[in-house]
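# Coordinate analysis (summary)
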Amino acid sequence: MTVDTASRLVTVAQPRSPVSEAYRQLRTNIQFYSLDRAVQTVLVTSASPDDGKSTTLANLAVTFAETGRGVLAVDCDLRRPSLHTFFGLSNDVGLTTLIREERTVADVVVDTEVPNLRILPSGPLPPNPAELLGSQRMERVIETLRGMADVILFDSPPMIAVTDAAVLGAKMDGVLLVVSVNKTKRDHVSRAKRLLEKVNAKVLGVVLNNVKFDGSLYRYYG
Ligand SMILES: Nc1ncnc2c1ncn2[C@@H]1O[C@H](COP(=O)(O)OP(=O)(O)OP(=O)(O)O)[C@@H](O)[C@H]1O
Ligand SMILES: [Mg+2]
């Protein structure tokens, strides 16, 4: 594991820490959310910028990969993509390349240093992210990805300013809403929740991320 990867991912650097344990608890809660039908595709979003969406997603992806199941993390934040940076990878090609049908999935999905975990970076940033994410081609991409991994986590921009996450939420088995304690505004959280309900997205739960204080509070309630 490179220093860079380890330093940004607590689940890699300190797998026995309480924070890593909290991510495992979150994983378990998602696994048992529906007993009838496994939750395969999960959107991770939040109301506002910097709430900790990408950090949550990357650590959760590592934690799912620990179980030996095939995990794919997809960067659908086509405005401020960051997933590739957690794993020291490039985002020169990725999701947008795929949607434009310029490459095949095998060309753009990349292995990480974490066993069982692959990522699909954003690719070059488009002028019209919401349109791209809402397109029929995107639906086909999601269908293809479903055949490639047991668990697929999708990163996204914040919900308040742009519609990207709501558009995606409607296509997922479930949505996790990250709330940064003491930072995310209460009415922004309510608005994000309402936007998700409007598109009939299934909110699996809220992840509390405490960025400001000791960074050790990751909790989950259904
Ligand atoms: N629990 C935490 N403890 C300490 N720092 C954190 C924690 N969660 C996130 N951060 C830091 O907060 C910043 C924002 O985190 P992150 O990029 O995960 O948020 P985001 O919601 O994905 O942001 P964006 O809206 O830009 O996509 C980063 O610098 C990250 O390292
Ligand atoms: Mg992010």
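What counts, and where the lines are drawn
- Residues numbered from 1 in each chain as written.
- Chains lettered and ligands numbered in written order.
- Predicted model: local features only at pLDDT ≥ 70, side-chain atom pairs only at ≥ 80, totals over all residues.
- Helix = DSSP H or I, 4+ residues; strand = E, 2+ residues; numbered from the N terminus.
- Buried ≥ 20, exposed ≤ 12 C-beta atoms within 10 Å, placed from the backbone.
- Contact = placed C-beta atoms within 7 Å.
- Expected span 1.5 Å × (residues − 1).
- Axes fitted to C-alpha atoms, helices over the stretch in contact; angles between N-to-C directions.
- Parallel < 35°, antiparallel > 145°, perpendicular 65-115°, else oblique.
- Core = buried A, V, L, I, M, F, W, Y, C linked by C-beta atoms within 7 Å.
- Pairing = 2+ DSSP bridges.
- Right-handed = clockwise from strand over helix to strand, strands pointing away.
- pLDDT = per-residue confidence, 0-100.

## A closer look at the overall build of the protein chain
- Summing up its helical and strand segments, the protein chain has 11 helices and eight strands in all.
- When its C-alpha atoms are laid out on the principal axes, the protein chain stretches across 45 × 40 × 35 Å.
- Relative to its 222 residues, the protein chain shows a buried fraction of 45%.
- Of the contacts formed within the protein chain by residues at least 6 apart in sequence, a portion of 76% connects residues at least 24 apart.

## A closer look at helix 4 (residues 53-65)
- Spanning 13 residues, helix 4 covers 18 Å between terminal C-alpha atoms, matching the ideal 18 Å at 1.5 Å per step.
- Among the 13 residues in helix 4, 13 count as buried, and that is most of the element.

## Side note on the packing of helix 3 (residues 18-31) against helix 4
- Put simply, helix 3 and helix 4 touch, their axes get as near as 9 Å, and they point 75° apart. On the basis of the axis angle, helix 3 is roughly perpendicular to helix 4. On helix 4, the residues touching Tyr 23, Arg 24, Leu 26 and Arg 27 of helix 3 are Asn 59, Leu 60, Thr 63 and Phe 64.

## Comments concerning the nonpolar core
- Val 42, Ala 61, Val 71, Ala 73, Val 74, Leu 153 and Phe 154 are the most contacted members of the largest nonpolar core, which has 61 residues in total.
- Broken down by element, this core gets its largest block of residues, seven residues, from helix 4.
- Setting aside its immediate chain neighbours within four residues, Ala 61 contacts Val 71, Ala 73, Leu 117 and Leu 153.

## Some points on the pairing of strand 6 (residues 174-180)
- Of all the seven residues making up strand 6, six are buried; the element is thus mostly covered by neighbouring parts of the structure.
- Where strand 1 (residues 41-46) and strand 6 come together, five bridges link them in parallel fashion. Counterpart to Leu 43 in the pairing with strand 6 is Val 175.
- The pairing of strand 6 with strand 7 (residues 203-209) spans six bridges and is parallel. Of the residues in strand 7, the one forming a bridge with Leu 177 is Val 206.
- For the crossover that starts at strand 6, traverses helix 11 (residues 186-198) and ends in the parallel strand 7, the hand is right-handed.

## Looking at the environment of Glu 102
- Topologically, Glu 102 is positioned in the loop between helix 6 (95-99) and helix 7 (105-108).
- In this structure the C-alpha to C-alpha distance between Glu 102 and Leu 153, which are 51 residues apart in sequence, comes to 23 Å.

## Here we look at the confidence of the model for the protein chain
- Per-chain confidence: the protein chain averages 91 in pLDDT, with 91% of residues scoring 70 or above.
- Low pLDDT (under 50) marks residues 211-217, which in the prediction has 11 contacts with non-local residues, meaning those over four places away or in another chain.

## Thoughts on unusual backbone geometry
- With a phi angle near 60°, Asp 50 is a residue other than glycine that sits in the positive phi range.
- In the Ramachandran plot, Glu 101 falls in the positive-phi region, its phi being about 60° despite a non-glycine side chain.
- Glu 101 sits in the exposed class, given 10 other C-beta atoms within 10 Å.

## Looking at the environment of Arg 100
- The topology assignment puts Arg 100 in the loop between helix 6 and helix 7.
- Taking the C-beta count within 10 Å as the criterion, Arg 100 has 13 such neighbours and is therefore assigned partly exposed.
- Taking the C-alpha atoms as reference, Arg 100 lies 9.2 Å from Met 138; in sequence the two are 38 residues apart.

## A word on the pairing of strand 1
- With six of six residues buried, strand 1 lies mostly within the body of the structure.
- Alternating positions in strand 1 separate into two faces, Thr 41, Leu 43 and Thr 45 on one and Val 42, Val 44 and Ser 46 on the other, with burial throughout.
- The sheet contact formed by strand 1 and strand 5 (residues 151-155) spans four bridges and is parallel. The residue bridging Val 42 from the neighbouring strand is Leu 153, located in strand 5.

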